[in-house]
Every structure is written in structure tokens, then in C-alpha cells.
Amino acid sequence: MTVSIWRTLTVIALLAAATLAISTHDVRADANDDLRKRTLQRAPQLAGLLDRALAGSSEAQSSLGFQLLEGFYGRDVGLAVEWLEKAARGGSRHAAYSLGLLFQFGTMIGAPANVVPKDTARAIHWFGKSYELGDMCAAKRLGGIARDGKPPDNRKAVEWFEKCAKGGERSCQEDLAYYYLNGTLIPRDYRRSLHWMLEALKSPDDRGYPPRVAALQAHAGLQFENGLGTSRNIAEAMKWYELAADGGDNYALFALGRLYGEGIDAPQDDALAIRLLSKAAEAGYQPAQYRLALAYLHGKGIPRDRTQALKWLILATVGPEVDSSWADEFYRENPHLFGLLSLRLDPIMRVVAGQQLVSLRSELEPQEVRAAERLVAEFVATQGPVPPSPYSPQPRC
């Protein structure tokens, strides 16, 4: 075969490849002609959006894709995806991120359920593109896909969460703090846990959820109090506990009440301890209810009142039982963390409090027991619904 024939075949192959490449980037002209007709009929003032999209505006291309998905001009999913892909290739990280969501879940806000088949590979591709364009939320999504995969890839998940956290996304910093604290996905590492907690607390996302910030502050206080990942520092612990208590965190209120009541690591202040414990007890936090019961029983910081003591002992030992096998195992591995993750007494103190309850009941007169039970009924009647978890909703992404 002559050189000229080889050259001819090569040119033909290159032209075919170029045509294929262009077809994957250009949006179908026939579909856009039909779209223009529909637009002029239904919303002529929006015809300029199509013109701007055709002229290369990635913002217009992205907006057009979303409106086609949502059905403003009649829903055309295929055309919507084409425009979103063109916008993403043109540098729109929002379009790329939205395509990732679309293929991860088969839908997105404003579109019907299962508008496209779920496609994890395409979701990963577009989240990756969004991350390349600077969207840290895309890194978090990629971490979640790796974490929730079958089988999960925890190493890859942590790599993505680390990228997201180092990129300044507060929710990723918070997630990493808890992963390292609880030994989830990765071996427990208190030093790294504290590092990411303090990073997340530098500038809380104002679109976040205040109880989440307070919970994170309480965790930081616990690590400083117990020397987890750092040297023990009670002053620093109390600083974080006070911030968390101001945000309404029950564990922080309890921890401060305990510290002031014991007077070992903090100045003795029984009156302040009672005020702090009472606030957490009234919110239904059982460890605070138990300490308040003991204060009434022994007259420490408050006048001795065995009826009130019985009331708080009853409240500290009743309510939904935690799964005993889970609680026992978790408490053995994480004795410092149990009170942060549960409103209930830990398994050991629950037994002790139950014994004290039986003993005090036997010592009181029947009318005193009935009075305590009335107080319990009144307390329960004033309680609203269980407050939402401080760990949700997750801020931003």
C-alpha cells in the first residue's frame, strides 16, 4: 500500500474521531430548534436564554438545563443533560455537581423521582469534574460514595474527606473529627480528632445548625478535660464547655456542674453547680438528673429534700431503655464518650441509681412517695417532643 493511501486513511480516521468528539460536546440543533418554537409559544421573554446558551454562556447553559429538567418548557431530560454537560465542560462547577447528584440519585430538586437511571460511574465522573473546578462539596460526595459502596472503600473515603476538609469545608472537618474520635472508618486518633474539631470551630458556617456547633464545642471540652490527643487542660476544657453551654448543650451544662460541684479541677461553687445541673436535668438529661437527685438527698448546694431526690432518681432511671448489649460494649470502649452520645445514664451508673431508688423508696413515708410521683407526672406532662439530634441537619453539603 502506498504512502499516499496510508495518509488518506489516516485523515479519514482523524476526521471520524473529530466528528465523534464534537458530537459529544455539541447540543443537538434539531432539539434546540424545537425548544425555540416551544419557548416562543409559551414564554417568549425567555428565548434570549437559549440564544445566550448557544453563544457559549455556561451560566445560561446551566440555567437552561435546570429549567428543562424542571419542565418549564416541557420536560426534555436528554436535552437538559446535554446542556448541563456542556455547561460543566465550560467550567460551571455547579452544573458538574448537579450532574453528579442527578446520576447518584436519579433525580434532583425540582425534577420528578427517577428522572434518569442511577449511574454511579457517571456520578463519580461529574463530582470529580466539580472538585477539579474547586467545589469541596463534590469531594465530600465522592467520599460518601466510597464509604457507602458495596464493598465500601474506607481508605478512599477518608482520602476524599481529607481533601474536602483541607479545602476548608467545615462540614467535612466536623465529619473527620467524629470519624477519628469514634474510630469510624479509620482507627481512632484523638490528636487528629481534636485538630479537625478546632479547625471546624474556627469559623462556623452561618448556614449550619447551632446545636451542631455546641455539640462540637462540648466534644472539644471533653478532649481537653481528659487529655485525649493533647495534654490535660482544665481551663481550656471549661472555655469550650462554657461556649457549648451557652449554645444549650446538655453535656456541657452537666460537665460544668460536675466540675464546679466537685471543686477539684475548678473553684468550688455549689450554687452554680446546682443551676447548671438543673438546666440540663429539666431538659431531660439523665446524668444531670441523677447528680441533682444526690444533691437533694445530701443537701449539697441546696436544702435537703428527699421528696425531690426521689423525683429526680425516678426520672434518671426511667424512660426508653438503651440496647444493653450496644451500651455495654460502647461504654467499655468509650467510657468518656457515652454521655456525649446518649441522654441516658451509662450502664454502670444506671444500676447504682436503680439500687438507690429502691433504697430511698423504702425509707420514705407513703405520702412522700406519692408526692414524688406527682412531681414526676407533672414534669413529664410539661415535656415537649424529643429535641432533634444536634448532629443534623448537616450544614451546607
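See above for the structure.
Sequence order as written defines the numbering, with residues in each chain counted from 1. Totals for whole chains, interfaces and linings use all residues, but because this is a predicted model, local features are given only for residues with pLDDT of at least 70 and pairs of side-chain atoms are given and counted only at 80 or more. Computation of side-chain values covers all heavy atoms of the structure but excludes hydrogens and water.

Turning to the state of the cysteines, a few remarks are in order. Cysteine sulfur pairs qualify as disulfides if the two atoms are within 2.5 Å. Across all of its chains, the model carries one disulfide by this definition. Each sulfur of the disulfide joining C164 and C172 lies 1.9 Å from the other. Across the disulfide from C164 to C172, rotation about the S-S bond amounts to roughly 80 degrees, and the bridge is consequently right-handed.

This next bit is on unusual backbone geometry. A cis geometry characterises the amide bond from K150 onward to P151, with omega recorded as 5 degrees. With respect to the helices and strands, the residue P151 is situated in the loop between α8 (136–147) and α9 (154–166). Here L185, not a glycine, exhibits a phi torsion of approximately 75 degrees, which is positive. Counting through the fold element by element, L185 comes out in the loop between α10 (170–182) and α11 (190–200). For the exposure calls, accessible area comes from a 1.4 Å probe over protein chains only, and a residue counts as buried if that area is under 20% of its type's maximum, exposed if over 50%, partly exposed in between. Accessibility expressed as a relative area gives 23% for L185, which makes it partly exposed. The helix and strand labels rest on DSSP assignments: H or I over at least four residues marks a helix, E over at least two residues marks a strand, and numbering proceeds from the N terminus.

A word on the layout of surface pockets. Each cavity reported here is a set of points on a 1 Å grid over the protein atoms alone in which a 1.4 Å probe fits but cannot get out, each pocket an open set with protein on both sides within 12 Å along at least five of seven lines, and each lining residue one with an atom within 4 Å of a point. Grid points are joined across faces, edges and corners, and a volume is the space filled by probe spheres set on the points. Roughly 700 Å³ of volume is contained in the largest pocket. F254, R258, E262, P287 and R291 are, among the 30 residues lining the largest pocket, the residues nearest its centre. All amino acids are sorted into three groups, where Ala, Val, Leu, Ile, Met, Phe, Trp, Tyr, Cys and Pro are nonpolar, Asp, Glu, Lys and Arg are charged, and the leftover types, Gly among them, are polar. Classifying every residue of the lining of the largest pocket gives 16 nonpolar, six polar and eight charged.

Further remarks concern helix α7 (residues 120–132). By this rule the span expected of a helix is its residue count minus one, scaled by 1.5 Å. For α7, spanning 13 residues, the distance from its first C-alpha to its last is 18 Å, which sits close to the expected 18 Å at 1.5 Å a residue. Every buried residue of α7 is listed here: A123, W126, F127, G128 and S130. In this structure, the buried side of α7 is in contact with α5 (77–89), α6 (93–105) and α8. N or O atoms within 3.5 Å of each other form a polar contact, as long as, within protein, one can give a hydrogen and the other can take it, and as long as residues adjacent in sequence are counted only when both atoms are side-chain atoms. Of the residues flanking the start of α7, the one acting as N-cap is D119, its side-chain oxygen 3.3 Å from the backbone nitrogen of A121. Two residues or fewer after α7 comes G134, characterised by a positive phi angle close to 105 degrees. Any pair of residues with heavy atoms lying within 4.5 Å of one another is described as a contacting pair.

Between helix α12 (residues 210–226) and helix α13 (residues 234–246), whose axes approach to 8 Å, the crossing angle comes to 165 degrees. Considering the angle they form, α12 stands roughly antiparallel to α13. The element α12 and its partner α13 pack so that their crossing is left-handed. Contact residues: α12 offers A214, Q217, A218, A220, G221, L222, F224 and E225, while α13 offers I234, E236, A237, W240, Y241, L243 and A244. In the contact of α12 with α13, the residues fall into eleven nonpolar, two polar and two charged. In this analysis, axes come from line fits to C-alpha atoms, helices being fitted only over the stretch in contact, and the angle between any two N-to-C directions falls in the range 0 to 180 degrees. Each angle receives one of four descriptions, namely roughly parallel if under 35 degrees, roughly antiparallel if over 145, roughly perpendicular if within 65 to 115, and oblique otherwise. Throughout, a crossing is termed right-handed when the near helix is turned clockwise from the far one, and left-handed when it is turned anticlockwise from it by less than a right angle.

Over its 13 residues, α9 extends 18 Å from the first C-alpha to the last, a length consistent with the 18 Å expected when each residue adds 1.5 Å. Tucked inside the fold, the buried residues of α9 contact α7, α8, α10 and α11. In the segment just after α9, G168 is the residue with positive phi, at about 95 degrees.

Take the buried residues of types Ala, Val, Leu, Ile, Met, Phe, Trp, Tyr and Cys, join any two whose side-chain atoms come within 4.5 Å, and each joined set is a nonpolar core. One finds Y241 and Y251 to be the most contacted residues of the largest nonpolar core, which totals 116 residues. Looking at this core element by element, the count peaks at eight residues for helix α14 (residues 250–262). Beyond its immediate stretch of four places on either side in the chain, Y241 contacts A218, G221, L222, E225, Y251, A252, A255, L256, R258 and L259.

Bringing the environment of K279 into the picture now. Along the chain, the position of K279 falls in helix α15 (residues 270–282). As for K279 and N250, which are separated by 29 residues in sequence, their C-alpha atoms are 8.0 Å apart.

For the rest of this paragraph, the subject is the packing of aromatic side chains. Two aromatic rings from Phe, Tyr or Trp, using only the six-membered ring of Trp, form a pair when their centres are within 6.5 Å; if the ring planes differ by under 30 degrees the pair is stacked, by over 60 it is edge-to-face, and anything between is tilted. Across all of its chains, the model carries seven aromatic pairs by this definition. Where Y131 meets W160, the ring centres are 5.2 Å apart and the plane angle is 90 degrees; that geometry is what we call edge-to-face. In this pair, Y131 is assigned in helix α7 and W160 in helix α9, connecting sequence segments 29 residues apart. For the ring pair Y251 and F254, a centre distance of 6.2 Å and an interplane angle of 55 degrees mean the geometry is tilted. Of this pair, Y251 and F254 both sit in helix α14, three residues apart, which is roughly one turn of that helix. F254 matches Y251 in its accessibility class, with the two residues each being buried. An aromatic cluster of at least three residues, connected via ring pairs, comprises Y241, Y251, F254 and Y285.

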